[in-house]
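Structural characterization, general
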Amino acid sequence: MSLATYAVKFGAGSLTFTLPTAADVTVIEPRAVAGVADPMAEVDQALGAALAQGRLRQPGRTAITISDATRPVPNHLILPPLLAKLHASGASDEDICIIVGTGNHRPATPDEFSNLVGADIAQRYRMLSHVYDDPTQLVRLGKTSRGTPVVINRTFAEADTRIVVGMIDPHQFVGYTGGCKGAFIGLAGSETITANHSMLSDPAAKLGVCAGNPVREDMDELTDFLSIGLVINVVLNTANEIVRVFAGDPHDVLAQAVPLVQDVCETAVPHPMDVVIASPGGYPKDINLYQAQKALAHACELVRPGGSVILAAECREGAGDDLYEAWMAAAKTPQDVVTRFEQEGFRMGAHKAFLFARSMLKARTYLVATGVAPDQARKLHLVPAPTVEDAQAVALQDASSSPRIGIMPRASSTIPRIAAPTPVE
């Protein structure tokens, strides 16, 4: 049998595999775009334009929230120009606090701060990690129009100037990340995250769609409770290089950036696939199964009903959430997970089990991961496989002589759009 070789990101490295040349193979990934030649100059220019509009004139006590280690935000390129602008506006070192917005993820440890922002910044400025279930860290501000309680990090809420730093990427039920999300979710209490994310099963809460999306629109109401002095969002290419920097009002930033992200991330595909081999895109997007699930959701946009997805994710931190793991292990079938979730209502962690199970009802899901043992994978209703070749051999055993195979090397950042069939005249 003649074979062709392919590779996808896997942790900090890559995973190479072969497929039969007789297969109809399509590689689906974001459009190749070049990173800017001078990223810090690009940041400085975007900040200059935002400040010319009157933002950050007298910053006073300033809270800057950044993403945690599950997002590849280049803080080491964004923060130096930002901090320089703050100091030029009159802020002292002691006025500035950098908060790691973890959402409901584990808190970042002080040892990790240097990795997130660089050693010089971590040593010079006060840094802390948000803890979503620590009431001493939180303040209650009211409710959104959809009834979501707005419970936000106290240090951020009580600052004179609030700044959100992050990236814009496709999201399976928010539409796109960015804008207010870094604060509304990254710095939120459990009540806020639970109420907001409970809308994920709404038919309008879709990948790549912001308008009319209740989850996204709920987040955007944060500015009704807190003024956001500045949002800095970057769009990255497949090498995690900065393509463009957007800075300013959170709503304006999102409106300006989303068309670019759509242009980069949306990919037209002529037909559904029998098998999709999906990588989240390497570390940190495959840090654990909890994060890698996003790649599975995107792959299920592409696979035919009853087809197979091979999820290739290192998962160096294992499953990533105890409640997700417990819910999956307690169920006999993925349908049991979906049914239980619908009966008991939304719970963080359990929602990830629901999202996994929902995908599994559409496609048989294989897992190639060095950080998840085979027995653990089976408890999570995944089919463990030592290699992509082993998984695809089983997945294709009943397929035609020329099966359609899709490869998504950066699935978490790819939105596949299957072309509409040509009408028959």
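Right above here is the structure, for reference.
Sequence positions are assigned chain by chain, starting from 1 and proceeding in written order. Restriction of local features to residues with pLDDT of at least 70 applies here, the model being predicted, together with a cutoff of 80 or more for giving and counting side-chain atom pairs; totals for whole chains, interfaces and linings are based on all residues. Side-chain numbers come from the whole structure's heavy atoms, not from hydrogens or water.

1. Considering the overall build of the protein
Counted only if it meets this: Secondary structure is summarised from DSSP: a helix means a run of H or I of at least four residues, a strand means a run of E of at least two, and numbering begins at the N terminus for each. Per-residue accessibility, obtained with a 1.4 Å probe over protein chains only, is compared with the maximum for each type, and a residue is labelled buried under 20%, exposed over 50%, and partly exposed between these values. Every residue pair with non-hydrogen atoms within 4.5 Å of one another is taken to be in contact. In this charge count, Lys and Arg are treated as positive and Asp and Glu as negative; neither His nor the chain ends contribute. Charge positions come from single atoms, namely NZ of Lys, CZ of Arg, CG of Asp or CD of Glu.
Counting its secondary structure elements, the protein contains 15 helices and 20 strands. Relative to its 425 residues, the protein shows a buried fraction of 56%. Restricting to contacts in the protein with at least 6 residues of sequence separation, those with at least 24 account for 75%. Here the protein carries 35 positive and 45 negative side-chain charges, and the mean point of each set is 2 Å from the other.

2. Description of the packing of helix 10 (residues 289-299) against helix 13 (residues 350-360)
Two quantities define a packed helix pair, namely the angle between the helix axes and the distance between the axes. Basically, it comes down to this: In this analysis, axes come from line fits to C-alpha atoms, helices being fitted only over the stretch in contact, and the angle between any two N-to-C directions falls in the range 0 to 180 degrees. Left-handed describes a crossing whose near helix is turned anticlockwise from the far helix through less than a right angle; right-handed describes the clockwise counterpart. Charged residues are taken to be Asp, Glu, Lys and Arg, nonpolar residues to be Ala, Val, Leu, Ile, Met, Phe, Trp, Tyr, Cys and Pro, and polar residues to be all remaining types, Gly included.
At a closest axis distance of 10 Å, the pairing of helix 10 and helix 13 adopts a crossing angle of 35°. Classified by chirality, the crossing of helix 13 by helix 10 is left-handed. Counted together, Leu 289, Tyr 290, Gln 293, Lys 294, Leu 296 and Ala 297 of helix 10 and His 351, Lys 352, Leu 355, Phe 356 and Ser 359 of helix 13 form the full contact between these two elements. Across the contact of helix 10 with helix 13, the residue classes break down as six nonpolar, three polar and two charged.

3. Some details on helix 7 (residues 190-197)
Stated formally: Regarding the arc, it is the one traced by the directions from the helix axis to the C-beta atoms.
Among the residues making up helix 7, those that are buried are Thr 192, Ile 193, Asn 196 and His 197. Buried residues in helix 7, looked at end-on, bunch into an arc of 110°, giving them a common side. Contact partners of the buried residues in helix 7: strand 8 (149-153), helix 6 (181-184), helix 8 (214-220) and helix 13.

4. Some words on the sheet that holds strand 6 (residues 126-129)
For the record, the criterion: One bridge is not enough; two strands pair if DSSP finds at least two bridges between them.
Taken in spatial order, the six strands line up as 6-5-4-9-12-13 in an open sheet, and their pairing is mixed. Across the chains shown, the open sheet's two edge strands, defined by having one partner strand only, are strand 6 and strand 13 (242-248). The average undirected angle you get between the axes of adjacent strands in this sheet is 15°. Where strand 4 (residues 62-67) meets strand 9 (residues 161-167), four bridges bridge the pair, whose relative direction is parallel. Bridge assignment links Ile 64 to a residue of strand 9, and that residue is Ile 163. Packed on one face of the sheet, helix 1 (residues 39-52) meets strand 12 (230-236) and strand 13 and runs near 20° to strand 13. In the packing of helix 3 (residues 110-117) onto the sheet, the strands contacted are strand 4, strand 5 (96-101) and strand 6, and the crossing angle to strand 6 comes to about 110°.

5. Looking at empty space enclosed by the protein
The condition is simple: Points on a 1 Å grid over protein atoms alone make up a cavity when a 1.4 Å probe fits among them but cannot get out, and a pocket when they form an open set with protein on both sides within 12 Å along at least five of seven lines; lining residues each have an atom within 4 Å of a point. Grid points are joined across faces, edges and corners, and a volume is the space filled by probe spheres set on the points.
In the structure shown here, the tally under the stated rule is one cavity of 30 Å³ or more. Size it by volume and the largest cavity reaches roughly 620 Å³. Together, 38 residues line the largest cavity, and Arg 71, His 171, Thr 177, Lys 181 and Lys 294 are the ones closest to its centre. For the lining of the largest cavity, the elements supplying multiple residues, two or more each, are strand 4, strand 9, strand 10 (170-171), helix 6, helix 10 and helix 13.

6. Some details on the sheet that holds strand 18 (residues 383-384)
Taking strand neighbours across the sheet as the criterion, the six strands line up as 3-19-15-16-17-18 in an open arrangement whose pairing is parallel. Every interior strand has two partners, whereas the edge strands, strand 3 (24-27) and strand 18, have only one. Of the strand pairs in this sheet, strand 15 (residues 273-278) and strand 16 (residues 303-312) are connected by five bridges, and their pairing is parallel. Its bridge partner being in strand 16, Ala 278 is matched across the sheet by Leu 311.

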